[in-house]
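For reference, the chains in residue letters:
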Amino acid sequence: MKHIGYLAIVPILGLLLGPVIHNSSTPFILGMPFLLGWMVIWVVLVSVAMAVIYALDPARVTTDPEHPRR
Amino acid sequence: MNAALILIALSVVLALGLGLAARRGHAMKLEEWTVGSRGFGTVFVFILLAGETYTTFTFLGASGWAYGLGAPAYYILAYGTIGYVLAYFVLPPVWRFARERRLISQPDFFAAKYNSPALGVLVAVVGIVALIPYLVLQFTGLAVIVQTASYGAIPKSVAVIIGAVVVSLYVVVSGIRGSAWTSAVKDVLIIIVAIALGLYLPFHYQGGITPMFAALDHAKPGFLSFAPTGKSVAWFLSTVILTALGFFMWPHSFSACFTAKNENVFRKNAIVLPIYQLVLLFIFFVGFSAVLVVPGLKGAATNMALLKISVASFPPWIVGVIGGTGVLTALVPGSLILLTAATLLARNLVGMVRPGRVSEESVVRLAKILVPVVAFVGAYCAIAGSATIVALLLMGYAFVTQLFPAMIMSLLARNPVTKEGAITGIALGVLAVIYFTLTNTTVATLWPHGPEVLRDINIGTFALILNVIGVCVVSALTAPGRGALARGAAE
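The name recorded for chain B in an unreviewed UniProt entry is Sodium:solute symporter, from Acidisoma silvae. For the record of chain B, the UniProt heading Subcellular location (unreviewed entry) holds the text "Membrane". The heading Sequence similarities (unreviewed entry) in the UniProt record of chain B holds the text "Belongs to the sodium:solute symporter (SSF) (TC 2.A.21) family."

As annotated in an unreviewed UniProt entry, chain A carries the name DUF3311 domain-containing protein and comes from Acidisoma silvae.

Written as structure tokens, this is what we have:
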């Protein structure tokens, strides 16, 4: 899974494109104005994406001190 | 002496005690003092990096932006998140190189990568010029917090001087460990304070988060989305990208990364830090709630929104807890900035006068002498105070971003950028930033009839473009063997 890092682009685009697609305070998401709720969701998805990347990243395995070069 | 004052004093004593205690069991050699002998695990590095997110600038500034500008404040949430994603990919190779070469500062990195002491000096100068206003801003924030939370009992100058003395003491004694230990306490406190205020105030005054936003949207239509001009969507995108690139280019953040004991520390942190940043949400809530409760603050006074609504809503002891937390948000980043600025001065400027002949012991000794000197320059500027400080800080941010192109290219296996190219790019970018800042140039003034979308783009973008053009042209001219100005193929 050498190219798994590219997965990070998805939530970053999501985060940035919210105001481009729909620059408005409504409808409310998660009880917050649209843009803020939208960004909160994508910030969480960034964390999820980074967790997936970490789990599949070959660089992690080769440099993990507890599991040296499998 | 009121309850607030006692609690603020306690927080200062706590910071000092912890900062001094952090030294225990560690002999303060250069590598220990500056980068904790590269022995910090995930948690300590997390605390150091996360600690950077919650400074007085976010505590007062994020609530102030939400209060004064509305939606544009969201950029703070976005740029940090993207900065952490970049860190996942960029910091491991940076860290690996730094450990191999036993580097302790950002100019060390540039000088070693490009094999150019001159580039190191340039990066050190840019770093110091960017760091000093950042330090002044922390002290200014400290003064405002202490003055307000002590109900005016402690004048600004006294607060700043006490702050400068405390920070100098524990930086000299414990180095970066002092910053890490105090940072841990600060982050716990700020999370509690932010969440408590961010929930209590909207529920108390507006009956909940959603009712608060509904009332705000009704009272100020358009406040919760981006304006068509000015702080528009184009402004948001360009500012987020620029500041995300600059995020880890601050000299103190860059060298804080050298403290990690292995490179997976950064990868794990990139998973947790975006979510951790969401605490900022609650600070936004405070600012939004304050719009409806304490309206009328304008300009720089919007930074007072959080403190004003707190004083209006709580008894002195709670104001004291908030004030004490605020003090720590100034002292902790202040200590890291101070440590870094003194190290850059001692190692990368003074040390370069006689390159290779200054021992590590004398670098540490000189840096420790410079800590209180830098602290008092910062304290003096904070007390003398002027509006230009904020302008200087924004300039500082634009400055450090100029280091990004040369840094990222140096990570390539075959870097096409030459040292001449790197120096030209950084110098061009920095000069452009100075020119744009001093003349108040914006894209709208450069190109009055340009398309609307381009007019609001952060002017820093153009400094960065000039930088990249400079890098490309000069690198092509000086490329070993091929370039017109190359000094022979042996380079």
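(A) Structural context of the overall build of chain B. Looking only at helices and strands, one finds 23 helices and 0 strands in chain B. A compact globule built from 491 residues should have a C-alpha radius of gyration of about 23 Å, and chain B, at 23 Å, falls within 12% of that. Along the three orthogonal principal directions, the C-alpha set of chain B runs to about 75 × 60 × 40 Å. By residue count, 58% of the 491 residues in chain B fall in the buried class. Partitioning the contacts of chain B with sequence separation of at least 6, the portion at a separation of at least 24 is 84%. If you average the places of the 29 positive and of the 14 negative side-chain charges in chain B, the two averages end up 4 Å apart.

(B) Fine view of the overall build of chain A. Looking only at helices and strands, chain A features 3 helices and 0 strands. Going residue by residue from the N terminus, the α and β elements of chain A occur as α-α-α. When burial is assessed residue by residue, chain A has 47% of its 70 residues classed as buried. Considering only residue pairs separated by 6 or more positions, chain A has 45% of its internal contacts joining residues 24 or more positions apart. For chain A, the exposed surface amounts to about 3700 Å²; the carbon and sulfur share of it is 71%.

(C) How the structure looks around the packing of aromatic side chains. Residues and elements named next belong to chain B. Under the defined criterion, the tally for this structure stands at 28 aromatic pairs over all chains. Measuring from ring centre to ring centre gives 5.2 Å for Y84 and F247, while their planes differ by 85 degrees; the resulting arrangement is edge-to-face. Of the two residues, Y84 is situated in helix α5 (residues 75–101) and F247 in the loop between α11 (233–246) and α12 (251–256); the sequence distance between them amounts to 163 residues. No difference in accessibility class separates Y84 from F247, as the two residues are buried. Between F254 and F258 the ring centres are 5.8 Å apart and the planes differ by 70 degrees, which places this aromatic pair in the edge-to-face class. With a relative accessible area of 1%, F254 lands in the buried category.

(D) The arrangement of the interface of chain B and chain A in detail. Facing the 34 residues of chain B at the interface are 33 residues of chain A. With both chains or domains summed, chain B and chain A bury close to 2900 Å², and 78% of this area falls on carbon and sulfur atoms. Three residues, Y74(B), Y88(B) and I271(B), lead the burial of chain B against chain A; their summed loss comes to 17% of the area buried on that side. In this structure, the connection of chain B to chain A is made through 1 salt bridge. In this structure, D57(A) engages R267(B) in a salt bridge whose closest nitrogen and oxygen atoms are separated by 3.9 Å. The tally of links between chain B and chain A comes to 6 residue pairs in polar contact (both at pLDDT 80 or more). Partitioned by chemical class, the residues of the side of chain B that touches chain A number 25 nonpolar, 5 polar and 4 charged.

(E) Quick peek at the packing of helix α1 (residues 3–21) of chain B against helix α9 (residues 176–206) of chain B. Residue and element names in this part refer to chain B. It is at 7 Å that the axes of α1 and α9 come closest, and there the two elements cross at 140 degrees. Here α9 runs oblique to α1, going by the angle between their axes. Taken as a pair, α1 and α9 cross one another with a handedness that is right-handed. On the side of α1, the interface is formed by L14, A15, L18, G19 and A21, while α9 contributes G178, W181, T182 and V185. Taken together, the residues that form the contact of α1 with α9 break down as 6 nonpolar, 3 polar and no charged.

(F) Seen up close, the environment of P405(B). Residues and elements named next belong to chain B. Along the polypeptide, P405 turns up in helix α19 (residues 404–410). In the structure, P405 is positioned 66 residues away from V471 in sequence and 8.3 Å away in space, judged by C-alpha atoms. Among residues more than four places away in sequence, those in contact with P405 are L464, N467 and V468.

(G) A look at the UniProt feature "transmembrane region" (unreviewed entry) in chain A. Here, UniProt's "transmembrane region" (unreviewed entry) annotation points to residues 33–56 of chain A. When the span residues 33–56 of chain A is considered, its composition is 96% helix and 0% strand, and the gap between its end C-alpha atoms is 35 Å.

(H) Summary view of the environment of L370(B). All names here are of chain B. Looking at the secondary structure, you find L370 in helix α17 (residues 360–384). Taking relative accessible area as the criterion, L370 reaches 17% and is therefore assigned buried. Along the sequence, L370 and L345 sit 25 residues apart, while their C-alpha atoms lie 8.0 Å from each other.

(I) Here's a closer look at the pattern of salt bridges. Enumeration according to the criterion identifies 8 salt bridges over all chains in this entry. In this structure, E263(B) and R96(B) form a salt bridge, with 2.8 Å as the shortest nitrogen-oxygen distance. Taken together, the residues span a long stretch of sequence, with E263(B) in the loop between α12 and α13 (264–276) and R96(B) in helix α5 at a distance of 167 residues. A relative accessible area of 4% places E263(B) in the buried class. Given a relative accessible area of 34%, R96(B) falls into the partly exposed group. Among the charged side chains, a network of salt bridges with common partners joins D57(A), R96(B), E263(B) and R267(B).

(J) Spotlight on a nonpolar patch on the surface. On the surface, L7(A), V10(A), L30(A), I41(A), V44(A), L45(A), V48(A), V52(A), L56(A) and I275(B) cluster together into a nonpolar patch covering about 740 Å² of accessible area. In this structure, L30(A) sits in the loop between α1 (9–21) and α2 (34–56). For L30(A), a relative accessible area of 58% puts it in the exposed group.

Reading guide: rules and limits
Sequence positions are assigned chain by chain, starting from 1 and proceeding in written order. Think of it this way: whatever chain is written first is A, whatever ligand is written first is 1, and the rest follow in order. In keeping with the model being predicted, local features are shown solely for residues with a pLDDT of at least 70 and side-chain atom pairs are shown and tallied solely at 80 or more, while totals for entire chains, interfaces and linings include all residues. As a convention, hydrogens and water are excluded, and side-chain values are obtained from all of the structure's heavy atoms. UniProt positions are given in the numbering used here, feature names are shortened, and annotations may be inferred rather than shown by experiment. By the criteria applied, helices consist of DSSP H or I runs no shorter than four residues and strands consist of E runs no shorter than two, each listed in order from the N terminus. Each radius of gyration reported is based on C-alpha atoms, and the globular scaling rule is 2.2 Å times the count of residues to the power 0.38. Only protein chains enter the area calculation, which uses a 1.4 Å probe; residues under 20% of their type maximum are buried, those over 50% are exposed, and those in between are partly exposed. The contact criterion used throughout is that any non-hydrogen atoms of two residues lie within 4.5 Å. By the counting rule applied here, Lys and Arg register as positive and Asp and Glu as negative, while His and the ends of each chain are not counted. The location of each charge is read from NZ of Lys, CZ of Arg, CG of Asp or CD of Glu. The method behind every accessible area is Shrake-Rupley, applied with a 1.4 Å probe, and residues are considered shielded solely by the protein chains displayed. Stacked, edge-to-face and tilted are the three classes for Phe, Tyr and Trp ring pairs, Trp counted by its six-membered ring, which pair at centre distances within 6.5 Å; planes under 30 degrees apart are stacked, over 60 edge-to-face, the rest tilted. Buried area is calculated as the accessible area (1.4 Å probe) missing from two parts once they are joined, with the contributions of both summed. Each salt bridge in this description consists of a side-chain nitrogen of Lys or Arg and a carboxyl oxygen of Asp or Glu lying within 4 Å of one another. As used in this structure description, the phrase polar contact means that two N or O atoms lie within 3.5 Å; if the pair is within protein, one of them must be able to donate a hydrogen and the other to accept it, and residues adjacent in sequence are counted only when both atoms belong to side chains. In this count, Pro and Cys sit with the nonpolar residues alongside Ala, Val, Leu, Ile, Met, Phe, Trp and Tyr, while Asp, Glu, Lys and Arg are called charged and the others, Gly among them, polar. Angular values range over 0 to 180 degrees, each being the angle between N-to-C directions of two axes fitted as lines to C-alpha atoms, with helices fitted over their stretch in contact. Reported orientations rely on four angle classes, namely roughly parallel under 35 degrees, roughly antiparallel over 145, roughly perpendicular from 65 to 115, and oblique for the rest. Here a crossing is taken to be left-handed if its near helix is turned anticlockwise relative to the far helix by less than a right angle, and right-handed if that turn runs clockwise. Two joining distances apply to patches: 9 Å for like charges and 5 Å for nonpolar side chains (Val, Leu, Ile, Met, Phe, Trp, Tyr), and every residue must have over 30% relative accessible area and no salt bridge.

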